[in-house]
Structures are given as structure tokens and as C-alpha cells.
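Structural overview
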Amino acid sequence: NSAKEALEIVKLTNFNVILSDYDLPKKNGLSILEELNKKSIKIPFILLTNKEKKETVIQALNTGAYQCINKSEPLETFLVEISHATRQAAKKARIEFILKESEKKFREITGNSMVWIWEANSDGIFTFTSPTIEQIMGYKPEEILWRKHFYDFNSSKESEELKKAITGKNKKVLHDLINQKINKN
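Read on for an overview of the structure. What you see is a predicted model; the values in this text were computed from it and never measured.

Quick look at unusual backbone geometry now. The backbone phi angle of Ser40 is positive, close to 55 degrees, even though this residue is not glycine. Note on placement: Ser40 falls in the loop between helix H2 (29-38) and strand E2 (45-49). Judged by relative accessible area, Ser40 falls into the exposed class, the value being 56%. Despite not being glycine, Trp146 has its phi angle at roughly 65 degrees, a positive value.

In C-alpha cells:
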């Protein structure tokens, strides 16, 4: 019956997709999307509108709408667009959920491992490190992520060899690297 009731229902129920008309009593569909954003409720939001103004569509997409569908399309086209958009949005939401769960499991595994697990980009800069770096090397993850090269912790001779291996003419991808690291302390 109202935007307020819709927001209450969304808080209490698990939805895959929200399909909202732009024209609602007391509020418009964009204001609902803004409220959802404020409450950090991330559900794909499809806005139905008969507004042919590009500004409305741009505002909706910039606010986080998954898609806008024009209600002034012929009925068959309109229904096909809704069907396609809701399927795609639900699929995207499922994939994002699976990815978040996978990341959570990965973080649990690396957080409980007594081995230092790390990853560096093609320039050798750390992009990931397990929390065990603090116990093993004396560094907090935030001290090295995006700040240090993986070869910065080696002796100068080893460091130069590793640097050449990843930055030289014959770049190599390094796997299962076992080498001596210099501890912070």
C-alpha cells in the first residue's frame, strides 16, 4: 500500500529482486532505492517508469538501480523485458552471494593456517596476505598490502634476482616460491 510498508517488508523478508514502479503513493521508486541504500540493503532494484526523460533513468542508474524499464513499451515487449531483467538480476545476486561465501571460506582458511599465504600483482606488489604474516614476519597486513614488493623481504642478492624474474624481458609467473625472508624484528 505504501513505500513505508514496502521498506518494512524488505527488512523482514529475503528477496532476490525488487521490482518497483516509479510512481507510488507519497514517495517515488527512486526514494525507496535511496532508503535501501541508506540501510545498506543490497538487492537488485528494477525501476518501472513511463517517464521518457533520460534524467530519470540516469538518476536511477546512478543511485544503484540494476535496470530501468519503460512501461510505455508495447505490453508484450514490456513483459519480456521484465522477465529477462528479473532473471538476470536474480542470477547476478546469486553469483554475488556465492562469491561472498567463497571469499568468507577463503579468509577463514588463510586466517587459520600457520603458513603465510600471499599474492602479488605483476609488479610484485602485495595484493593479498594472510593474517599469519604478523606471527611469522612481524608485520601487520596493512603495513605491506599495496605498499611493499614481495622481494623487499629478501637479501639484496635474492631480491635483485626475483625482481629480474618478474620484471625482465622474460617475465615469469612464480608458483610455490620457497625462499628466505627477512623478519621485521
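Following the structure, the description resumes.
This part takes up the nonpolar core. By size, the foremost hydrophobic cluster in this structure holds 16 residues, and its most contacted members are Leu36, Phe45 and Leu47. Of all the secondary structure elements, the ones that give two or more residues to this core are helix H1 (3-12), H2 and E2. No other element matches the four residues that H2 contributes to this core. Sequence-distant contacts of Leu47, that is, excluding residues within four places in its chain, are made with Ser20, Asp21, Tyr22, Gly29, Leu30, Ala60, Gln67, Cys68 and Ile69. The next biggest cluster of nonpolar side chains, apart from the first, holds 11 residues, and it includes Trp116, Phe126, Leu162 and Ile166.

Calculation rules
- Residues numbered from 1 in each chain as written.
- Predicted model: local features only at pLDDT ≥ 70, side-chain atom pairs only at ≥ 80, totals over all residues.
- Heavy atoms only, no water.
- Helix = DSSP H or I, 4+ residues; strand = E, 2+ residues; numbered from the N terminus.
- Buried < 20%, exposed > 50% of the residue type's maximum accessible area, 1.4 Å probe, protein only.
- Core = buried A, V, L, I, M, F, W, Y, C linked by side-chain atoms within 4.5 Å.
- Contact = heavy atoms within 4.5 Å.

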